[in-house]
Amino acid sequence: PGRARRLLLSQLFQPLNLQAGGEAGWEGRPGEPFCRSQKLMLQGGLIHPASPGCYYYLPPTVRAMEKLVKVMDEEMQAVGGQKLNMPSLSSAELWRASGRWEQMGPELFRLTDRHGKHYCLGPTHEEAVTELVAAHSNLSYKQLPLRLYQVTRKFRDEPKPRFGLLRGREFYMKDMYTFDASEEAARRTYDLVCDAYCSLFDRLGLPFVKVRAATGSIGGTVSHEFQLPADVGEDRLVLCPDGHFAANVETLNGEQTSCPTCGEKLTQTRGIEVGHTFYLGTKYSSVSNAVFLSPENKPQLAEMGCYGLGVTRILAASIEVLSKEDSIRWPSLIAPYQLCFIPPKRGSKEEEEGAALLERAYDDLAEALPHLAGDSVLDDRTQLTIGKRLKDANKLGYPYVVIAGKRVCEDPPVFEVWNQNIGEVLFLTKEGVIELMSKVQVP
């Protein structure tokens, strides 16, 4: 009693389709392009196809996603964000008023209820949040800035869903909407949220670039994208080698080949968009009449901004840019499990003593570092060799693997510890393992 229950790999719901080539259970239609993250996530049993562009997210993926959302919550709350939740179902009237019912075209999932009322499934929530704030007509300038955000499932009727979670019809997004008393204040908010996004990607250890972007169907006058450079990226980017200038090609008039600041030749790359920020002004607040009372007690339109982060896209994109061809690498902060323990093979001479020592190490680590208690898995498939289980652990991307190998019967017992992030193998006593793991951060 009081001990953390050991998580046994054999009991986790993660169908390990790690057979040769991993072709089984693939959604791949002949000739359909696929990318590294999609292949690795399908092979590792992290996602399972449901219908085009829609997936089951299996328990390890949900764990990674919940950790990522925790990190986002920390960053959003550090800039005064307040979390709420808005309905997925949005009335057509709202979208007609903003002009986007027609503008978005077939990308909107549209439906009609039994009373003949028209709705869409929200791909984004500018209309809804503005309506919500407008309903509070006695809002005072003293209550601004207002920074409201949510993390919810979004829907887009993509004509060609592809690349797994990188381009789906159903996905998770963190979207923040801000309301300020003046344009100057709204631009300060804009810079603040952009800085929070930079902080998030730095904490995840992702090689991002912030680029000038088009405002598209969202609208507004200023917009930036946060991009992870990758060959499968759908966006073409131009970058100054000294970091003075970065833009999405779609924002440029004609072929711009040199940096407007230093004159250096711009380099071209492709990127996966993982975040997008917009300064909106009064585009939506003027439609819904979202006003606040000024110091002179006069109603004034709120100045708005909106800020999106693709939650499931960041998961897939980080696997895309950090992984090797045949093994997943997660940003270590959000790996589903930090640690995999591998006991000796059944029938080996270390079996009995080694298994008991490894289980004791598992339990002692959970007691010494309670924040990692739920982050350790014991690979109890002892019918398999240590090598086969280590290979599986490598494919699934546990940052640390602790093995009861040949030296576990020494005095004191020594474990083989793989630090997968830097590809290093250490030989440590139980105390050494606990000491190493005490430095590991989880959200």
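Residues numbered from 1 in each chain as written. Predicted model: local features only at pLDDT ≥ 70, side-chain atom pairs only at ≥ 80, totals over all residues. Heavy atoms only, no water.

Naming follows an unreviewed UniProt entry, where the protein appears as Probable proline--tRNA ligase, mitochondrial of Stercorarius parasiticus. According to the UniProt record, the Function (unreviewed entry) comment for the protein reads "Mitochondrial aminoacyl-tRNA synthetase that catalyzes the specific attachment of the proline amino acid (aa) to the homologous transfer RNA (tRNA), further participating in protein synthesis. The reaction occurs in a two steps: proline is first activated by ATP to form Pro-AMP and then transferred to the acceptor end of tRNA(Pro)." Checking UniProt for the protein, the heading Subcellular location (unreviewed entry) contains the comment "Mitochondrion matrix". (UniProt positions renumbered as here; feature names shortened; annotations may be inferred.)

Got a minute to help me understand the overall build of the protein in this structure?
The helix and strand tally for the protein stands at eleven helices and 21 strands. If you line up the protein on its principal axes, its C-alpha atoms span 80 × 60 × 50 Å. Looking at the protein residue by residue over its 443 residues, the buried ones come to 53%. Considering only contacts in the protein between residues 6 or more positions apart, those separated by 24 or more positions represent 68%. (Helix = DSSP H or I, 4+ residues; strand = E, 2+ residues; numbered from the N terminus. Buried < 20%, exposed > 50% of the residue type's maximum accessible area, 1.4 Å probe, protein only. Contact = heavy atoms within 4.5 Å.)

Help me out: how do you make sense of the pattern of salt bridges in this one?
Any two side chains of opposite charge can pair, given that their charged atoms come close. This model, assessed by the stated rule, comprises 26 salt bridges. The salt bridge partner of Asp-375 is Lys-67, with a shortest N-O separation of 2.7 Å. In this pair, Asp-375 is assigned in the loop between helix 9 (351–368) and strand 18 (376–378) and Lys-67 in helix 2 (residues 59–78), connecting sequence segments 308 residues apart. Among the salt bridges present, the one from Asp-364 reaches Lys-430, with a minimum N-O distance of 2.6 Å. Of this pair, Asp-364 sits in helix 9 while Lys-430 sits in helix 11 (residues 430–437), and the two are 66 residues apart along the sequence. Residue class for Asp-364 comes out buried when judged on its relative accessible area of 19%. Assessed through its relative accessible area of 21%, Lys-430 is described here as partly exposed. (Salt bridge = Lys/Arg side-chain N within 4 Å of Asp/Glu carboxyl O.)

Help me out: how do you make sense of the environment of Leu-228 in this one?
Tracing the sequence through the fold places Leu-228 in strand 10 (residues 222–229). Given the relative accessible area of 0%, Leu-228 is considered buried. The spatial distance from the C-alpha of Leu-228 to the C-alpha of Ile-272 is 5.1 Å, given a sequence separation of 44 residues. Excluding residues within four positions of it along the chain, Leu-228 makes contact with Leu-206, Pro-207, Phe-208, Arg-270, Gly-271, Ile-272, Val-274, Ala-317, Ser-318 and Val-321.

So what exactly am I meant to see when it comes to the domain arrangement of the protein here?
As a measure of interface size, the accessible area lost when the parts come together is often cited. Under the domain assignment, the protein is made up of domain 1 (9–13 + 337–438) and domain 2 (36–322). Computed from C-alpha atoms alone, the centre-to-centre distance between domain 1 and domain 2 is 40 Å. Note on domain 1 versus domain 2: buried area summed over both sides is about 520 Å², and carbon and sulfur give 53% of it. For the pair domain 1 and domain 2, the interface holds two salt bridges. Counting across the interface, domain 1 meets domain 2 through three residue pairs in polar contact (both at pLDDT 80 or more). Grouping the constituent residues of the side of domain 1 that touches domain 2 by class yields three nonpolar, two polar and one charged. (Domains from an automatic or database assignment. Buried area = accessible area lost by both parts, 1.4 Å probe. Polar contact = N/O pair within 3.5 Å; in protein donor to acceptor, adjacent residues only side chain to side chain. Nonpolar A, V, L, I, M, F, W, Y, C, P; charged D, E, K, R; others polar.)

Any chance you could explain the sheet that holds strand 21 (residues 424–428) here in plain terms?
Paired through backbone hydrogen bonds, the strands of a sheet run either parallel or antiparallel to each other. Spatially, 18-17-19-20-21 is the arrangement adopted by the five strands of the open sheet, whose pairing is mixed. Here the strands that pair on one side only, and so sit at the sheet edges, are strand 18 and strand 21. Taking each pair of neighbouring strands and ignoring which way they run, the sheet shows an average axis angle of 20°. Alignment of strand 17 (residues 339–342) against strand 19 (residues 400–403), held across four bridges, turns out to be parallel. Across the sheet, residue Cys-340 finds its bridge partner in strand 19, namely Val-401. Against the sheet, helix 11 engages strand 17, strand 19, strand 20 (415–419) and strand 21, with an angle of about 135° to strand 21. (Pairing = 2+ DSSP bridges. Axes fitted to C-alpha atoms, helices over the stretch in contact; angles between N-to-C directions.)

Looking at this model, I keep getting lost on the sheet that holds strand 4 (residues 89–91). Mind explaining?
Across the sheet, which stays open at both edges, the three strands sit in the order 4-6-5 with antiparallel pairing between neighbours. In this open sheet, the two strands that pair with only one neighbour each are strand 4 and strand 5 (109–112). Averaged over all pairs of adjacent strands, the angle between strand axes in this sheet comes to 35°, irrespective of strand direction. As judged from the three bridges shared by strand 4 and strand 6 (residues 118–121), these two strands associate in the antiparallel manner. Each residue of the ladder has a partner; that of Leu-89, found in strand 6, is Leu-121.

I keep staring at the pairing of strand 19 and nothing clicks. Help me out?
Both faces of the sheet carry side chains from a regular strand, because those side chains alternate between them. Neither face of strand 19 is left uncovered, since the one carrying Tyr-400 and Val-402 and the one carrying Val-401 and Ile-403 both have all their residues buried. Across four bridges, the pairing between strand 19 and strand 20 is antiparallel. Paired with Ile-403 across the two strands is Glu-416, which belongs to strand 20.

Even after reading the chapter, I still don't get the nonpolar core, so can you show me in this structure?
Nonpolar side chains in soluble globular proteins generally cluster together in the buried interior. Among the nonpolar cores identified, the biggest contains 54 residues, and Phe-201 and Ile-314 are the most heavily contacted of them. Every residue in contact with Ile-314, bar those within four places of it in the chain, is listed here: Leu-68, Met-72, Phe-201, Leu-204, Leu-206, Val-274 and Leu-309. Core analysis: the next-biggest nonpolar cluster, separate from the first, contains 34 residues, Ala-361, Leu-390, Leu-428 and Ile-434 among them. (Core = buried A, V, L, I, M, F, W, Y, C linked by side-chain atoms within 4.5 Å.)

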